[in-house]
Amino acid sequence: MVKTNRIVFFKALLIESNFHSLYEKITFKDEDIYTEEKSSKSKLDSTIYNIQDVPNYLNTYIHKGTPNLKKIAVQTLKGYLVEVKKFNTLEAYLKNNFGSKSRSNLRRYKNRLETCFTIHYTCYYGAIPKEEYNSLLITLKKFLIRRFEEKKESNYELQHFDEYYAVIYDLILKKEASIYVIYHNKKPISIRINMFKNHLGYYIMSCYDIDYSKFHLGSLDMLKNIEWCLFNNIETYDLLKGYEYYKKDWMTTSFNFYNHIIYDSSSMLSTILAYSKKIKTKITYKIYHILKTSHFISHYKKAKQFLYEFPHKPNAQKKITYHKVDNFNEVIEKKQIDFENDSSYFFIKKQLFNLLFTSQEQYKDITIYKNLEDKNHFLVYGKRNKWSFRIFE
């Protein structure tokens, strides 16, 4: 009986560094990025291997130890690559990918963020305190859960989060992974995990605190990581597949993913099953591309978002209306609240941060008072502005 064994290419390359003697070596241009350590022969043992998501910018060489080892390559999806080595400066990259208006917007988002908050950027690469690592990964998971609840989508990364949690720390120490963090004071507000193979960089997962959405943290996070790659001799930064609408803005080229079906050509049954797998895979992705071009996929996603709410009870959202005021009635009996640390007031943050973006007030200058005569009324004081917040359950 012939069985099929699935291997995820990037997991085997970046985490396990093991292709079960199927590949003798893998190269990028003329550089070896993986070589089989042992010279033992490949043993299929009545197994067909389906290696998924092999990028065509890498060259794979079937192990010569088994003469009957054969490979079938089937094209699947597109991936997105930033060719970092092409650029000497970040500005040169930005001019290549973005028009003047988009570049101006990116500068504005960054300037507003740094004006309104005390911001610093840290990349953990080669060293990280274990306590900080644990804290960051716990925070990243919370960010992902909250962000995808907002999007009404299930998140693929969360299914594999614990697996990454177990390995990334050691990979950081070996400079085979990094965690890039944007901090507001000591609080992480954006976290990204990358992995590396020689001078090749790979985006793994990222998320941010959605209270800061107005500042376009997703774009700033991408910008800062490309900048980091540029100054750390990373030749390419692979954004992988999915979210084409977003990654197309940042990529400099696209590439194709392939599934490699590796089998023993001396076995009639293995050969038949390998070609059957090829036909099934081609049909599957042909149907996918037809559905995508007919906009079925976008309608399907909208339906999934609608159905998402049935098993997931949404958190009760408080609606906030506000208006700017010149002065408050100072006879109002009020009490200052700790909206930074008291979780019962966290719901105020997103609306407050939206106002900071437009007014360019600084977070450190903000004080908020609760109207003791009206539990749904809050008074917000900045250095130059005042707002009245009204809460609706």
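None of these values were measured; they are calculated from a predicted model. (Residues numbered from 1 in each chain as written. Predicted model: local features only at pLDDT ≥ 70, side-chain atom pairs only at ≥ 80, totals over all residues. Heavy atoms only, no water.)

Caption draft 1: Fine view of the sheet that holds strand S14 (residues 334-336). Reading across from one edge, S13-S17-S16-S15-S14 is the order of the 5 strands in this open sheet, with antiparallel pairing throughout. At either margin of the open sheet sits one strand with a lone partner, and together these are strand S13 (319-325) and S14. Neighbour-to-neighbour, the strand axes of the sheet open up by a mean angle of 25°, direction not taken into account. The pairing of strand S15 (residues 367-371) with strand S16 (residues 377-381) spans 4 bridges and is antiparallel. Directly across from Thr367, in S16, lies its bridge partner Tyr381. (Pairing = 2+ DSSP bridges. Helix = DSSP H or I, 4+ residues; strand = E, 2+ residues; numbered from the N terminus. Axes fitted to C-alpha atoms, helices over the stretch in contact; angles between N-to-C directions.)

Caption draft 2: Looking closely at the packing of aromatic side chains. Counted by the stated rule, this structure contains 32 aromatic pairs. Between Phe117 and Phe215 the ring centres are 5.3 Å apart and the planes differ by 70°, which places this aromatic pair in the edge-to-face class. Separated by 98 residues along the polypeptide, Phe117 in the loop between helix H3 (100-116) and strand S7 (119-124) and Phe215 in the loop between strand S10 (200-208) and helix H7 (217-231) bring together distant segments of the chain. What makes Phe215 buried here is its relative accessible area of 0%. (Phe/Tyr/Trp six-rings, centres within 6.5 Å; stacked < 30°, edge-to-face > 60°. Buried < 20%, exposed > 50% of the residue type's maximum accessible area, 1.4 Å probe, protein only.)

Caption draft 3: Layout of the packing of H3 against helix H11 (residues 349-359). Interhelical geometry of H3 versus H11 gives an angle of 110° and a closest axis separation of 9 Å. Here H11 runs roughly perpendicular to H3, going by the angle between their axes. The element H3 and its partner H11 pack so that their crossing is right-handed. Facing Arg108, Tyr109, Arg112 and Cys116 of H3, the residues of H11 in contact are Leu356, Phe357 and Thr358. (Parallel < 35°, antiparallel > 145°, perpendicular 65-115°, else oblique. Left-handed = near helix turned anticlockwise from the far one by under 90°. Contact = heavy atoms within 4.5 Å.)

Caption draft 4: Up close: unusual backbone geometry. For His20, which is not glycine, the phi dihedral falls at a positive 55°. Along the chain, the position of His20 falls in the loop between helix H1 (9-16) and strand S2 (23-28). Of note in the backbone geometry, Lys29 takes a positive phi value of approximately 55° without being a glycine. The topology assignment puts Lys29 in the loop between S2 and strand S3 (31-35).

Caption draft 5: Region of interest: the sheet that holds strand S6 (residues 69-82). What the 9 strands build is an open sheet, ordered S1-S4-S12-S6-S11-S10-S9-S8-S7; its pairing is mixed. On the outer flanks of this sheet lie strand S1 (3-8) and S7, each paired with one strand and no other. Shown here is a sheet whose adjacent strand axes are inclined to one another by a mean of 30°, direction ignored. Where H3 meets the sheet, it contacts S7, strand S8 (177-184) and strand S9 (187-197), and its direction lies at approximately 110° from that of S7. Those strands touched by H7 are S6, S7, S8, S9, S10 and strand S11 (236-240), and its axis lies near 40° from that of S9.

Caption draft 6: Inspection of the pairing of strand S17 (residues 386-392) at higher detail. Direction of pairing for S13 relative to S17: antiparallel, over a ladder of 7 bridges. In the sheet register, Lys324 faces S17, and the bridge partner there is Trp387. Looking at chain direction, S16 and S17 are connected through 5 bridges and run antiparallel. Within S17, the position partnered with His377 by the bridge is Arg390.

Caption draft 7: A look at the pattern of salt bridges. Counted by the stated rule, this structure contains 17 salt bridges. A salt bridge links Arg103 to Glu91; the shortest N-O distance between them is 3.7 Å. Of this pair, Arg103 sits in helix H3 while Glu91 sits in helix H2 (residues 90-97); the two residues are 12 residues apart in sequence, bridging distant segments of the chain. On the accessibility criterion, Arg103 (15% relative accessible area) is buried. Glu91 sits in the partly exposed class, given a relative accessible area of 34%. Where Arg147 meets Glu150, a salt bridge forms, and the shortest distance between an N and an O atom there is 2.7 Å. Of this pair, Arg147 and Glu150 both sit in helix H4 (residues 130-151), 3 residues apart, which is roughly one turn of that helix. (Salt bridge = Lys/Arg side-chain N within 4 Å of Asp/Glu carboxyl O.)

Caption draft 8: Quick look at H11. The buried fraction of H11 amounts to 8 of the 11 residues, a majority that puts the element mostly inside the structure. Inspection of H11 places Lys349, Gln351, Leu352, Phe353, Leu355, Leu356, Phe357 and Ser359 among the buried residues, and these make up the whole buried set. Elements in contact with the buried residues of H11: H3, S9, S13, S15, S16 and S17. Just beyond H11, the residue with positive phi is Gln360, at close to 60°.

Caption draft 9: Spatial organisation of the packing of H3 against H7. Where H3 meets H7, the closest approach of the two axes is 10 Å, and the angle between their N-to-C directions is 100°. Relative to H7, the element H3 is oriented roughly perpendicular. Facing H3, whose interface residues are Leu106, Tyr109, Lys110 and Leu113, H7 presents Leu217, Ser219, Leu220 and Lys224. Here the residues of the contact of H3 with H7 sort into 5 nonpolar, 1 polar and 2 charged. (Nonpolar A, V, L, I, M, F, W, Y, C, P; charged D, E, K, R; others polar.)

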